[in-house]
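# Observations on the three-dimensional arrangement
Here is what each chain is made of, one letter per residue.
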Amino acid sequence: MSLTVSVRRGTEADLSGVHALIVELAVYEKAPNEVSNTIEDMRQDGFGEKPIFEFFVAESPEEGIVGIALYYTAYSTWKGKMLFLEDIVVTERHRRKGIGRLLFNEVVQAAKEGNYKRMKWQVLNWNEPAINFYRSIGANLDGEWINCNLTAEQLQRF
């Protein structure tokens, strides 16, 4: 069966499907118990008084939301406004059908239209399909920087 997919900007009504894909991504990335973000958190953070993220959805009439690309504005002291692509997720049964590329293309277009100076994202070092895609489009894969973070608990103890 061929899947018909269109990509559009995400809306508040999409959050249930978006959250389900986030949980699916956590399972794929071998961290199924790490998702603490809720649909209500996402409603507040994406559609509240000060929205801090945007997203695109890939949708089919047959199956509904089958992919997402979630991004936000970050700031580089050297370059200025940049777009940070947090995640592209395509439901497992529809991977390798070009849906991720469609979503990526929309995010790139949003970066161009928003006059962003840079677009950044991360990829796990074992995610060969994604790495191969990023290499195929000529992206810089930088092995020099080390990712750092503090968890909510670490922030409270600091």
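The structure reproduced in this document is the subject of the present report. (Residues numbered from 1 in each chain as written. Predicted model: local features only at pLDDT ≥ 70, side-chain atom pairs only at ≥ 80, totals over all residues. Heavy atoms only, no water.)

### With respect to the pattern of salt bridges
Side chains carrying opposite charge are able to pair once their charged atoms draw close together. Applying the stated criterion across every chain yields a total of seven salt bridges. Across the pair Arg-8 and Glu-59 runs a salt bridge whose closest N-O atoms are separated by 2.9 Å. Here Arg-8, found in strand 1 (residues 6–9), pairs with Glu-59, found in strand 2 (residues 54–60); they are 51 residues apart in sequence, far enough to count as distant. Between Arg-95 and Glu-24 there is a salt bridge; the shortest N-O distance is 3.7 Å. Of this pair, Arg-95 sits in the loop between strand 4 (80–90) and helix 3 (99–113) while Glu-24 sits in helix 1 (residues 15–28), and the two are 71 residues apart along the sequence. Given the relative accessible area of 26%, Arg-95 is considered partly exposed. Salt bridges linked by common partners bring Arg-8, Asp-14 and Glu-59 together as one network. (Salt bridge = Lys/Arg side-chain N within 4 Å of Asp/Glu carboxyl O. Helix = DSSP H or I, 4+ residues; strand = E, 2+ residues; numbered from the N terminus. Buried < 20%, exposed > 50% of the residue type's maximum accessible area, 1.4 Å probe, protein only.)

### Observations concerning a nonpolar patch on the surface
A grouping of Tyr-28, Leu-124 and Trp-126 is seen on the molecular surface, where their side chains present a nonpolar patch of about 240 Å² in accessible area. Inspection of the secondary structure assignment puts Leu-124 in the loop between strand 5 (118–121) and helix 4 (128–136). (Patch = residues over 30% accessible without salt bridge, like charges linked within 9 Å, V, L, I, M, F, W, Y side chains within 5 Å. Areas by Shrake-Rupley, 256 points an atom, 1.4 Å probe, with all protein chains shown as cover.)

### Points about the sheet that holds strand 1
Here five strands make up an open sheet; going across it, the order is 1-2-3-4-5 and the pairing mixed. For this open sheet the edge positions go to strand 1 and strand 5, each flanked by a neighbour on one side alone. Taken pair by pair, the neighbouring strands of this sheet meet at an average axis angle of 25 degrees, ignoring direction. Across four bridges, strand 4 lies against strand 5 in parallel orientation. Paired with Leu-85 across the strands is Trp-121, a residue of strand 5. Against the sheet, helix 3 contacts strand 1, strand 2, strand 3 (64–76), strand 4 and strand 5, and its axis sits at roughly 165 degrees relative to strand 4. (Pairing = 2+ DSSP bridges. Axes fitted to C-alpha atoms, helices over the stretch in contact; angles between N-to-C directions. Contact = heavy atoms within 4.5 Å.)

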